[in-house]
Amino acid sequence: MPNGLSGGGESSAAADPGPGRLSILLQELARAPGEDLHRAWEQRLKPGDSVGRFEILREVGRGGFGVVYEALDRQLGRSVAFKTLRPARTVDELAADSILSEAEAVARLDHPAIVTLYDVGHCPSGPYLVEEMLHGETLEDRLRGGPLQARDAVTIGLEVARGLAHAHGHGVLHRDLKPGNVLLTEDGRVKLLDFGLAHLLGTRGLHGAGTPAYMAPEQLRGEAVDARADVFTLGATLFEMVAGRPPFQVRDGRSTALDPEPAPALPEGTPRALGALVERCLSSDPSKRPASGQAVVEELLAVQRSLEAAGSAASRRKALRLALVLAVVAGIAIIIIPRIRQLAPLPSVAVLPFADLSPGKDQEYFADGVAEEILNALSHVDGLRVVGRTSSFSFKGKSVQIQEIGRQLNVRAVLEGSVRKEGDRVRVTAQLVNAADGYHLWSESYSRQISGIFEVQDSVAQAVVEALKVKLVSGKGPGGGAGRTINPESYNYYLLGLHHQQQGTFEGAQRSRAAFEKALSLDPGNAQAQAALAMAVFGLYMYNAGTTTTAAEDDDIRRQAMAAAEKAVAMAPGLAEAWRVRGFLRLTVFDWAGGRADLERALSLAPNDPSVLANSALLMGMFGKVADGIALAKRAVELDPLSRAWSTLGHLYMGNGQFSLAGSAVDRALEIIPGNPFTRGLRVEIHLLEGQPEAALAAARRIADPSDVFRLQGVARAEHDLGHIAESDRALEELISRWGYGAQYQIAQVYAWRGDADRAFEWLERARRERDPGICYVKFDPILRKIRGDPRYPVLLRKMNLPVD
C-alpha cells in the first residue's frame, strides 16, 4: 500500500516546505479558536476538490491523526500523498517555543529512511501535509504472515535505526515508532512514516503522542522524553519482528510496560547478541538503554556481522559434510575441501529498441523486430535475467541516460543499437553498456544480406553472453531458433504484423492478421507468424465481441484462432509462444486441463518469458490457487517491471483479499498504462471492496468513454453502495442495452454486488453458455462473494469443469 497514517491508511510527499513553514502553520493554528479547528475538520475533502496546486484524486486511508488522499501536484505533474490532520493540541501547546523549533527541524529532515515532506498548509478541512507517494506494505502488514528471520529483522531494524539516528542528530524525536509506521516499499526500501508529527500536530488520548503498546514507561507517565524513548519503541519493534507479537499489552487502558517484572523474553533460538540488544532497549530505566539511534545502529551492525559469520560457518560445515559424503561414495582416500566463493548477484540485461537509420526512415518495425529477436535469444541463457519487451521498449523515443534506465529496470547492462536497411542489405550496429557507469563492455557492426539477419541476431546475442560471461555470468549461450523462418520477405511481414499487434486495437488486429497471413503465404513454414496469427484472429473477437458481430460469428472467429494455434504447435513443438497461445485459447473455452498442460509446456521452454508467466499466474487464479498465481505474477513483474503484468498481480492480490497490495499494484499499472479501461475497472473494484464508494465512483468516472463497460458497471455498483438506487439502475440499464451480449459477466457482477442472486446466476449462466472470457475469473473474483454460499454456485463450477471449493 502507499505509505500510511498511524492507525492504518496511506501517506506520501511534495516540494521543500522551506525553513519555518511548518512552525508558521502551527502559529496560525494556535491563533484559531479550538472549536473552529474541529468544525473545519468536519469539512472533508472529496475527489475533484483542489487545494492550491493539489487536486484530490481519492481517499486512500484514515487513522488516528486524520485522512490521507492521493492527490495530483499539477505544477510538478506527480502523484503525492495529501494528509489532512485532526487538530488536537491546545492553543498554549501549539504556541510553545519548543514545538515551533521542532517543527522547523522536522521540515529539514532529509534521509533515505524517512518519508520526504514536500509541503504544509491549511485548508477548509484543517492543517495538511504533503509527502512523497510510496507504494508497498507496512511492517505491520508483513508481520501478519508471522515473525521474520533474525537476519531480516536486523536488516529492517538497521534501516529504521539509521533514520532515527539522522533525526536524533537534528534534535527530532519520532515518539510513535511501531510496525504500522514502518513502510517496506515495493523496491526494497525501508521508510519511517509520521516522523515527529504526532507530537507537533496531534495527540492520542491521555498518553499524548504515541501508541501505548509500544511506548516507553516515562512517556506513558507523561514525563519529559529524549532519544531513549525512541530507542525503547525500536526495541519493541525488533521484539515483534522476531517474536511475532508486541512485548507489552494494554489492559484496562494500562500498558504492561509499567509493570515491575522484567520484559518478556524472545523466542528460544534468537541469536544471543540480538536478544541482549533488545533486552537493553526495553529496559524500564532509560539510563540502561542505548543513548540514541546511532548507538543502536552501531550495535545492530555488530549483530549483523555476527549473523553473517555464523552463516558462513554453517555453510562451511554443510560443505564439509557434503564433501565427506562424496568422498565415501567415490572411494577417495584424501579429502580436499575447496574454497567456497560467494556468488555474485544475478547478471541482468535490458535490450532497448534499435534505432532506424534507414534512408527512408520507414523501417522502424524491422529495427524493433531485430532487437526483439535478440531479446528472445538472450532470455534462453541460464543465469541471465533479461528484462521483458514491454519494459525495455518503454524507453523508445525518450532521451534517458543509460544509468537511469539501469536504475528503473534494475539491470547491470544495457544493449542498444541501430539498423540501416537498404534494398536487400542490412547493417546492424550494437553495443553493450555497463548501466552503473556508462562504460562500453562490447560493440560491433555487421553488414549482411537480409537473408543473413538471423546470423546477425545470433552473433549479437552470443557476443553479449560472452561479454557478460567475463564480467558477470557463467552460463549457457542463447537458445536455438525454434520455429524461425529463413524467408527474409516472410520475416519482414511477420515483423510488420507484430508492429500492428502492439497497438492493442481492433484495427491493429485486422492489420496484423493481414500481415501474418502474407508472411505465411510467402513461407508456409513460418511458425512464429502462425502462432502470432492465432492471437491476431482472437484479437478480432476480443476487441469487437458483440458490437458488430453475432454469437455465431464470434464462435467462428474463435474456432479460426484455435485452428491457427493448433497448427503452430504442430509446426514447431519447440516454440514456447505456440504453446502459450494455444494454452491461453484453451482457457477461454474452459479446457482447463489442456490449457494448463500447454502453459506448463511453454513455461518449461521459456521459464523467463513474462507473457508465459502472466498467463500461468492467471491460470492458477482460475483454479483457485491464488497464492501460487501471485508468486508467478511477481516473477513476471520482476522480469518486465514496466509491463501490464502489474495489472495481473493486482487482480490476483484482490482475489486473495489483500486489497492494500492490490491497490498498489493496480496504481503502478495505471502509471504505466494510464488509459487501460480494464485496469481502471480493477481500481474501482478495490475501492468498493475497501468500503470507499465515493472514491470508486470518482475512479469510474475517470474512465474517459462514458459508454465503456467498466465505467458503467463501476458506476452501477458505486451508486448502489451510496444509496442512489435510481442512478444505479440507470447505469445498469445502459450497460445491458449497450453491452448485453458482450458483457454478460460484468452484468452478473453488478447483480451479485447488489445482492440479487437470481439475476446474477441468470447472467452467469449466459456468460458460461456464450464463453464470455470474464467468467474464467469466477473462482477468485471477490465481487461475487455475496453469492458464493448459494447452492447454484458449485453447480456453475461443475458445469465449467472447475474444482468446487
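Anything mentioned here points back to the structure above.
Bear in mind the structure is a predicted one, so any value in this text is a computation, not a measurement. (Residues numbered from 1 in each chain as written. Predicted model: local features only at pLDDT ≥ 70, side-chain atom pairs only at ≥ 80, totals over all residues. Heavy atoms only, no water.)

**A closer look at the overall build of the protein chain**
In step 1: A tally of helices and strands in the protein chain yields 32 helices and 17 strands.
In step 2: Looking at the protein chain as a whole, 55% of its 805 residues are labelled buried.
In step 3: A separation threshold of at least 6 residues defines the contact pool for the protein chain, and within that pool the share at least 24 residues apart is 64%.
In step 4: Just so you have it, the protein chain exposes about 34,000 Å², and 51% of that area is on carbon and sulfur atoms. (Helix = DSSP H or I, 4+ residues; strand = E, 2+ residues; numbered from the N terminus. Buried < 20%, exposed > 50% of the residue type's maximum accessible area, 1.4 Å probe, protein only. Contact = heavy atoms within 4.5 Å. Areas by Shrake-Rupley, 256 points an atom, 1.4 Å probe, with all protein chains shown as cover.)

**Details of the nonpolar core**
In step 1: By size, the foremost hydrophobic cluster in this structure holds 73 residues, and its most contacted members are Trp592, Leu649, Leu764, Ile775, Val778, Ile787 and Met800.
In step 2: Apart from the residues lying within four places of it in its own chain, the contact partners of Ile775 are Phe590, Tyr745, Leu764, Ala767, Arg768, Leu796 and Met800.
In step 3: By size, the runner-up hydrophobic cluster in this structure holds 56 residues, among which are Phe354, Ile453, Phe516 and Leu520. (Core = buried A, V, L, I, M, F, W, Y, C linked by side-chain atoms within 4.5 Å.)

**So, the packing of helix 17 (residues 506–522) against helix 18 (residues 527–542)**
In step 1: For the pair helix 17 and helix 18, interaxial distance at closest approach is 8 Å and the crossing angle is 150°. Taken together, helix 17 and helix 18 sit at an angle that is classed as roughly antiparallel. Between helix 17 and helix 18 lies a crossing whose hand is left-handed. Across from Phe506, Ala509, Gln510, Ser512, Arg513, Phe516, Glu517, Ala519 and Leu520 in helix 17, the residues of helix 18 making contact are Ala529, Gln530, Ala532, Leu533, Ala536, Val537, Gly539 and Leu540.
In step 2: Partitioning the contact of helix 17 with helix 18 into residue classes produces 11 nonpolar, four polar and two charged. (Axes fitted to C-alpha atoms, helices over the stretch in contact; angles between N-to-C directions. Parallel < 35°, antiparallel > 145°, perpendicular 65-115°, else oblique. Left-handed = near helix turned anticlockwise from the far one by under 90°. Nonpolar A, V, L, I, M, F, W, Y, C, P; charged D, E, K, R; others polar.)

**Examining the sheet that holds strand 9 (residues 190–192)**
In step 1: Within the open sheet, the three strands sit side by side as 7-8-9. Their pairing is antiparallel. Pairing within the sheet leaves two strands with one partner each, and these edge strands are strand 7 (136–138) and strand 9. The sheet shows a mean angle of 30° between the axes of neighbouring strands, direction not considered.
In step 2: Relative to strand 8 (residues 182–185), strand 7 runs antiparallel, the two being bridged by three bridges. (Pairing = 2+ DSSP bridges.)

**Comments concerning helix 29 (residues 725–739)**
In step 1: In a regular helix each residue adds 1.5 Å, so 15 residues correspond to 21 Å; helix 29 covers 21 Å between its end C-alpha atoms and thus fits that length.
In step 2: Considered for burial, the residues of helix 29 that qualify are Ser728, Ala731, Leu732 and Leu735. For helix 29, the angular spread of buried residues about the axis comes to 95°, placing them on one side. The exposed residues of helix 29 that point more than 90 degrees off its buried face are Arg730, Glu733, Ser737 and Arg738.
In step 3: Packed against the buried residues of helix 29 are helix 28 (709–721) and helix 30 (744–753). (Expected span 1.5 Å × (residues − 1). Arc of directions from axis to C-beta.)

**Examining the pattern of salt bridges**
In step 1: For the structure shown, the criterion picks out 36 salt bridges.
In step 2: Where Arg162 meets Glu159, a salt bridge forms, and the shortest distance between an N and an O atom there is 2.7 Å. Of this pair, Arg162 and Glu159 both sit in helix 6 (residues 150–169), three residues apart, roughly one helical turn.
In step 3: Overall, the relative accessible area of 26% leaves Glu159 in the partly exposed class.
In step 4: Ionic contacts of the salt-bridge type, sharing partners, join the residues Glu566, Arg582, Arg586, Asp591 and Asp598 into one network. (Salt bridge = Lys/Arg side-chain N within 4 Å of Asp/Glu carboxyl O.)

**Digging into the packing of helix 20 (residues 576–588) against helix 22 (residues 610–622)**
In step 1: In contact at an axis separation of 11 Å, helix 20 and helix 22 are set at 25° when each is read in the N-to-C sense. Put simply, helix 20 runs roughly parallel to helix 22. Here the hand of the crossing between helix 20 and helix 22 comes out left-handed. Packed against helix 20, whose contacting residues are Arg580, Phe584 and Leu587, the element helix 22 presents Ser611, Val612, Asn615, Leu619 and Met622 at the interface.
In step 2: Residues that form the contact of helix 20 with helix 22 fall into these classes: five nonpolar, two polar and one charged.

**A look at the side chain of Ser490**
In step 1: Inspection of the secondary structure assignment puts Ser490 in helix 16 (residues 488–501).
In step 2: By relative accessible area, Ser490 is classed as buried at 0%.
In step 3: In terms of polar contacts, Ser490 uses its side chain to reach the side chain of Asn526, at 3.0 Å. (Polar contact = N/O pair within 3.5 Å; in protein donor to acceptor, adjacent residues only side chain to side chain.)

**Regarding the pairing of strand 5 (residues 117–123)**
As a general feature of sheets, a regular strand has side chains that alternate between the two faces.
In step 1: Extensive coverage of strand 5 is indicated by the burial of six of its seven residues.
In step 2: Bridging between strand 5 and strand 6 (residues 126–132) involves six bridges; their strand directions are antiparallel. Following the sheet pairing, Cys123 is matched in strand 6 by Gly126.
In step 3: Taken together, strand 5 and the strand that follows it, strand 6, pair antiparallel across an intervening segment of two residues.

**Concerning the environment of Ala302**
In step 1: Note that Ala302 resides in helix 11 (residues 293–330).
In step 2: For Ala302, a relative accessible area of 36% corresponds to the partly exposed category.

**Comments concerning unusual backbone geometry**
In step 1: The backbone phi angle of Phe590 is positive, close to 65°, even though this residue is not glycine.
In step 2: Looking at the secondary structure, you find Phe590 in the loop between helix 20 and helix 21 (592–605).
In step 3: The phi angle at Asn801 is positive, at roughly 65°, despite the residue not being glycine.
In step 4: Within the secondary structure, Asn801 is located in the segment after helix 32 (792–799).

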